[in-house]
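Structural description and commentary
One-letter residues, chain by chain:
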2 protein chains.
Amino acid sequence: MSVLIVGSTALDSIKTPKAENPRLLGGSASHAAVAASFFSPVKLAGVVGEDFPRRYLRLYQRHGIDLDGLQVLPGKTFHWSGEYEANMNNRRTLLTELGVFENFAPTLPKSHRATPFVLLANIAPALQLHVLNQMERPQFVAADTMDLWLNIALADLLKLLKRLDAFVLNDSEAHQLTKQDNLFAALAKIHRLGPKYVIIKKGSHGSILSGPRGLFLCPAYPLRKVVDPTGAGDSFVGAMVGWLAAAKGPVDDHIRLAMVYGSVVASFCCEGFGLQRTTRIKRKQIEERAAELKDLSRF
Amino acid sequence: MSVLIVGSTALDSIKTPKAENPRLLGGSASHAAVAASFFSPVKLAGVVGEDFPRRYLRLYQRHGIDLDGLQVLPGKTFHWSGEYEANMNNRRTLLTELGVFENFAPTLPKSHRATPFVLLANIAPALQLHVLNQMERPQFVAADTMDLWLNIALADLLKLLKRLDAFVLNDSEAHQLTKQDNLFAALAKIHRLGPKYVIIKKGSHGSILSGPRGLFLCPAYPLRKVVDPTGAGDSFVGAMVGWLAAAKGPVDDHIRLAMVYGSVVASFCCEGFGLQRTTRIKRKQIEERAAELKDLSRF
């Protein structure tokens with residue numbers, strides 16, 4: 001089945017101690033859509049400016065991503081610039097130019113409204129709600145978020161949580177949302193806010209699922225070298241929902257493996273700047289890492 | 001087979017935001033010995049003062065721990081006092097009174113010198129070497145350490161590393177020792193210092209083994225409530241070596257499961273102050289958590 005993905009479509013200028021890469025294709029929806037495309041057909045909803053490079057449109061197209069929901073508006077594409085420290089964990093934002101994203105309020109094409117799987121990748125929760133309101137009885141709705149929205153749009157986020165099947169956030173956001181230091185206690189509190197599945201991303205420490213069948217401790221694929229972690233979380237959730245949309249039968253039967261595939265695609269994402277490595281993944285390589293991860297965590 | 005464990009035997013006064021517990025039985029060797037005792041016979045080498053409570057000697061004895069190598073000297077028992085923050089991860093030392101530990105240089109009883117499994121729990125690397133020098137061709141030698149020794153006794157530690165089968169340290173110590181931000185790159189560097197097996201403890205994020213058969217990503221048992229993490233790392237390594245000593249055949253065949261059992265016993269340790277919870281574990285409860293951990297990480 002197909003997946004509708006809404007989120008940011010941006011140009012990212014990324015500095016690390018070793019390199020500088022201006023105006024890469026980035027944004028939560030770009031990473032999530034490419035990651036999901038390895039498993040299921042993807043429809044992208046987003047907005048870019050007239051400066052958006054044509055080669056990036058072709059990149060989406062090479063991944064079979066339906067661009068009917070990608071608006072091109074007069075003005076500039078959302079541009080984010082950030083810098084990572086040597087440990088690749090701490091980053092700081094150098095610049096945020098919203099451009100056409102400032103007034104983004106997508107109207108979905110009719111053809112998109114009945115898409116069975118919906119991924120509300122990281123954007124303002126009001127926009128996530130705006131898109132969700134246009135969907136016709138989706139089968140499975142997942143959303144990602146970031147600390148910014150907990151700080152400035154908590155009321156919207158709480159509204160959104162009531163309408164999700166799955167909510168994905170990272171460990172520090174889980175602490176922030178629940179005021180709970182213990183992650184497992186935090187999970188219980190987040191369920192009470194609505195979502196049936198809560199998934200906590202812990203970067204290189206893996207991820208945790210809490211759902212109707214209890215907990216799952218998902219390992220991260222071990223990487224000896226991280227080039228650029230930007231978009232790894234978006235890739236994780238994109239691949240996860242893409243995998244779920246491709247699987248037959250109840251979500252509960254597949255969600256563990258969906259997270260493992262999310263973990264694998266996220267690992268490739270970290271091995272290149274922006275989408276440079278992700279776009280070159282072969283399906284066989286994904287399967288190899290998934291099998292390797294199984295072997296690395298077997299006992 | 002039996003395990004010789006040397007390390008600190010101390011009285012710990014532990015403050016957390018919720019409680020204060022003076023003069024609990026503590027020390028790396030106490031935690032490691034009790035943890036190992038669930039799987040194999042244990043011989044303890046350590047030193048205490050005349051103030052060491054008799055009930056703590058009886059506690060060791062109830063766990064079948066051979067105390068022939070525990071010296072009781074005139075003076076005071078090593079006393080450590082520390083305070084945890086609300087998140088139970090950060091702690092600070094309030095007081096360290098070395099007492100009789102200051103001049104500790106154990107001479108092992110003859111009966112201890114041919115013990116096949118040796119665990120050099122966390123103490124000064126010079127003392128770990130001093131004990132190892134008295135052993136007659138041990139089959140398997142593991143050592144734990146702490147950041148203090150990396151700071152003040154690195155030369156001794158590097159000498160020790162050449163003589164170990166397994167070296168256990170936590171993630172921040174691995175970074176400190178190798179100047180490597182990436183843990184998997186750090187592992188490769190630590191192998192070059194000597195040990196065949198390197199095990200990195202990551203607290204609630206689990207642990208990582210690097211050995212002749214590659215990597216193993218070991219999960220931590222999920223705890224909703226951590227009462228006191230003091231001694232969890234010592235319990236992990238104690239249970240691990242205790243399990244290995246009980247297993248038949250090559251270490252490579254058993255070390256993954258040994259780490260899982262280490263993880264389980266460490267989880268119990270965190271559920272009470274000092275050794276209060278650990279000493280009440282039933283073997284059946286260990287097996288239940290090990291089975292649960294298998295289920296929680298299966299995919």
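1. What about the relation of the copies chain B and chain A?
Here chain B sits on chain A after a turn of 180 degrees about the axis and a move of 0.0 Å along it, with an RMSD of 0.0 Å. Between the two chains, the operation in question is that of a two-fold axis. For chain B, the minimum C-alpha distance to the rotation axis belongs to B:His205 and amounts to 3.0 Å. Comparing interface residues between copies, 100% of those in chain B also lie at the interface in chain A; the contact surface is shared.

2. Regarding a positive patch on the surface
Residues and elements named next belong to chain A. A cluster of basic residues, Arg54, Arg55, Arg58 and Arg62, forms a positive patch at the surface. Mapped onto the fold, Arg55 is located in helix α2 (residues 54–62). Classification of Arg55 by relative accessible area gives partly exposed; the value is 47%.

3. Remarks on the pairing of strand β4 (residues 42–49) of chain A
Remember that side chains alternate between the two faces of the sheet whenever the strand is regular. Residues and elements named next belong to chain A. Burial analysis of β4 places 8 of its 8 residues in the buried class, which makes it a mostly covered element. Burial along β4 is two-sided: Val42, Leu44, Gly46 and Val48 and Lys43, Ala45, Val47 and Gly49, pointing in opposite directions, are all buried. Both strand β1 (residues 3–6) and β4 contribute to a ladder of 4 bridges, which runs parallel. Bridge pairing links Val6 to Ala45 in β4. Alignment of β4 against strand β5 (residues 66–73), held across 6 bridges, turns out to be parallel. Bridged to Ala45 within β5 is Gly69. After leaving β4, the chain enters α2 and then returns to the sheet as β5, a path that is right-handed.

4. Observations regarding the interface of chain B and chain A
Each partner contributes residues to the interface: chain B has 32 residues there, and chain A has 32 residues. In total, about 2700 Å² of surface goes out of reach between chain B and chain A, with carbon and sulfur atoms giving 59% of it. Together, B:Leu217, B:Arg224 and B:Phe299 form the three largest contributors to the area buried by chain B at its contact with chain A, with a combined 28%. The interface formed by chain B and chain A holds 0 salt bridges in total. Where chain B touches chain A, the interface holds 14 residue pairs in polar contact (both at pLDDT 80 or more). Contributing elements (two or more residues each) for the side of chain B that touches chain A: α7 (183–191), β13 (214–218), α9 (251–269) and α10 (283–297) of chain B.

Rules of the game
- Residues numbered from 1 in each chain as written.
- Chains lettered and ligands numbered in written order.
- Predicted model: local features only at pLDDT ≥ 70, side-chain atom pairs only at ≥ 80, totals over all residues.
- Heavy atoms only, no water.
- Least-squares fit on C-alpha atoms with pLDDT ≥ 70 in both.
- Contact = heavy atoms within 4.5 Å.
- Patch = residues over 30% accessible without salt bridge, like charges linked within 9 Å, V, L, I, M, F, W, Y side chains within 5 Å.
- Areas by Shrake-Rupley, 256 points an atom, 1.4 Å probe, with all protein chains shown as cover.
- Salt bridge = Lys/Arg side-chain N within 4 Å of Asp/Glu carboxyl O.
- Lys, Arg positive; Asp, Glu negative; His and termini not counted.
- Charge placed at Lys NZ, Arg CZ, Asp CG, Glu CD.
- Helix = DSSP H or I, 4+ residues; strand = E, 2+ residues; numbered from the N terminus.
- Buried < 20%, exposed > 50% of the residue type's maximum accessible area, 1.4 Å probe, protein only.
- Pairing = 2+ DSSP bridges.
- Right-handed = clockwise from strand over helix to strand, strands pointing away.
- Buried area = accessible area lost by both parts, 1.4 Å probe.
- Polar contact = N/O pair within 3.5 Å; in protein donor to acceptor, adjacent residues only side chain to side chain.

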